[in-house]
Amino acid sequence: MKLYLIGLPGSGKSTLGKKLADEAAVPFIDLDQAIEQESGKTVSSIFSEQGEEYFRSLEAVALRQQSKIEKFVMACGGGTPCFHGNMDFMNASGKTIFLNVPVSEIVSRFAGTQEHQLRPLLMESDPRKLSEKLAGLLDVRKPFYSKADLTFTGTPSPTEILAELKRKSNG
């Protein structure tokens, strides 16, 4: 089983991915962390020093490299599906799961934290402007996210995801 979790930053891909991997008894991969380990730099520093285009090429290479592992749950970066044919690659090599969390919920998750400041495309302190940025990202990324094998609105449990995967594979 190769599961790719996709969705906006703050949709819970890493948090849910760890739990899902535990429940499925497979390794968990955070694609951004894999890129940071390989490059020796943070995602933010790659963005600021070499730009988004360079980061996206590193991301595509890391995605394909990590996907050589036999079984896993992977939390992908929010933009991963949108570049270098990554969405088609993920759909061909495993199952993609779109965590469709409302923008308002993501903004409230970030409220009172600096978590979103660590994300290169969301360095915004005003909640209204953060909401606008997220909505804009969703508009651009939705055509890619909509190609996912499964879509869950809100935050599903690992049990719900595994049950739906089983139901779909038997159906």
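Just above, that's the structure.
What you are looking at is a predicted structure, and each value in this text was computed from that prediction instead of being measured.

Colleague: How would you sum up the pattern of salt bridges? Please name residues and give values.
Modeller: Counted by the stated rule, this structure contains four salt bridges. Its salt-bridge partner being E49, residue K41 comes within 2.8 Å of it at the nearest N-O pair.

Colleague: Describe the sheet that holds strand β5 (residues 150–153), listing the residues and the values that go with them.
Modeller: Taken together, five strands build an open sheet; the order of strands is β2-β3-β1-β4-β5 and the sheet is parallel. Each end of this open sheet is capped by a strand with a single partner; those strands are β2 (28–30) and β5. Strand-to-strand, the axes of this sheet are offset by a mean angle of 20°, without reference to chain direction. Relative to strand β3 (residues 72–75), β2 runs parallel, the two being bridged by three bridges. For I29, the partnering residue across the bridge sits in β3 and is M74. Set on the sheet, helix α5 (residues 86–93) makes contact with β1 (2–6) and β4 (95–100); between it and β1 the angle comes to about 145°.

Conventions we followed
- Residues numbered from 1 in each chain as written.
- Predicted model: local features only at pLDDT ≥ 70, side-chain atom pairs only at ≥ 80, totals over all residues.
- Heavy atoms only, no water.
- Salt bridge = Lys/Arg side-chain N within 4 Å of Asp/Glu carboxyl O.
- Pairing = 2+ DSSP bridges.
- Helix = DSSP H or I, 4+ residues; strand = E, 2+ residues; numbered from the N terminus.
- Axes fitted to C-alpha atoms, helices over the stretch in contact; angles between N-to-C directions.
- Contact = heavy atoms within 4.5 Å.

Distances and angles like these do not, on their own, reveal function.
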